[in-house]
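Structural description and commentary
For reference, the chains in residue letters:
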Amino acid sequence: QVQLVESGGGLVQAGGSLRLSCVASGRTFSSYAMGWFRQAPGKEREFVAAISWSGGQTYYADSVKGRFTISRDNAKNTVYLQMNSLKPEDTALYYCAANRRGGNYVYTTPEVYDYWGQGTQVTVSS
């Protein structure tokens, strides 16, 4: 079993930055592909970014490409989401997720992720 704990959310003005962190328990973190998703009130959960187990592969939703950066530190069991040039439409509850399948792949659909954190709120004011 893997537990994921997100942190780093908060209230920021449009154009500002935040860095989200997700710390995973367990010794197999380095073999998991990781992803970030978000869900705004009244909307479905949507893909934000994903990273392969090695960090060599990354993928972003078009809405955040060029503004957000996903990275990981396997020695610290942590995945990060650096968010720059934030917009009010980025306001949502942000979740990290872990996929225990092998291979140096990234995954964009929530159904294939095995473990989820509780989320951290990001609010961007205009």
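These notes cover the structure that comes with them. What you see is a predicted model, and the numbers here were worked out from it, not measured in a lab. (Residues numbered from 1 in each chain as written. Predicted model: local features only at pLDDT ≥ 70, side-chain atom pairs only at ≥ 80, totals over all residues. Heavy atoms only, no water.)

1. What about the packing of aromatic side chains?
- Under the criterion given, the structure shown has eight aromatic pairs.
- Taken together, a centroid distance of 5.7 Å and an interplanar angle of 75° make the contact between Phe37 and Phe47 edge-to-face. In this pair, Phe37 is assigned in strand E4 (residues 33-39) and Phe47 in strand E5 (residues 46-51), connecting sequence segments ten residues apart.
- With relative accessibility at 0%, the residue Phe37 sits in the buried group. (Phe/Tyr/Trp six-rings, centres within 6.5 Å; stacked < 30°, edge-to-face > 60°. Helix = DSSP H or I, 4+ residues; strand = E, 2+ residues; numbered from the N terminus. Buried < 20%, exposed > 50% of the residue type's maximum accessible area, 1.4 Å probe, protein only.)

2. Side note on unusual backbone geometry
- Of note, Asn77 is a non-glycine position whose phi angle comes to about 55°, a positive value.
- Tracing the chain through its elements places Asn77 in the loop between strand E7 (68-73) and strand E8 (78-83).
- Its identity as a non-glycine residue notwithstanding, Ser85 has a phi of 50°, on the positive side.
- When its relative accessible area of 41% is taken as the criterion, Ser85 is described as partly exposed.

3. With respect to the pairing of strand E9 (residues 92-99)
- Along E9, seven of the eight residues are buried, which leaves the element largely enclosed by surrounding structure.
- Pairing of E4 with E9 involves seven bridges; the strand directions are antiparallel. What sits directly across from Gly35, in E9, is Ala97.
- Of the strand pairs in this sheet, E9 and strand E11 (residues 120-125) are connected by three bridges, and their pairing is antiparallel. (Pairing = 2+ DSSP bridges.)

4. Thoughts on the nonpolar core
- Residues Leu4, Met34, Trp36, Leu81, Met83 and Tyr94 are the most contacted members of the largest nonpolar core, which totals 38 residues.
- Elements that contribute at least two residues to this core include exactly strand E3 (18-24), E4, E5, E7, E8, E9 and E11. (Core = buried A, V, L, I, M, F, W, Y, C linked by side-chain atoms within 4.5 Å.)

5. Here we look at the pattern of salt bridges
- Counted according to the given criterion, the structure contains six salt bridges.
- Residues Asp62 and Lys65 are paired through a salt bridge, measuring 3.1 Å at the closest nitrogen-oxygen approach.
- Classification of Asp62 as exposed rests on a relative accessible area of 67%.
- One salt bridge connects Asp114 with Arg100, and the closest N-O pair in it is separated by 3.7 Å. Of this pair, Asp114 sits in the loop between E9 and strand E10 (115-116) while Arg100 sits in the loop between E9 and E10; the two residues are 14 residues apart in sequence, bridging distant segments of the chain. (Salt bridge = Lys/Arg side-chain N within 4 Å of Asp/Glu carboxyl O.)

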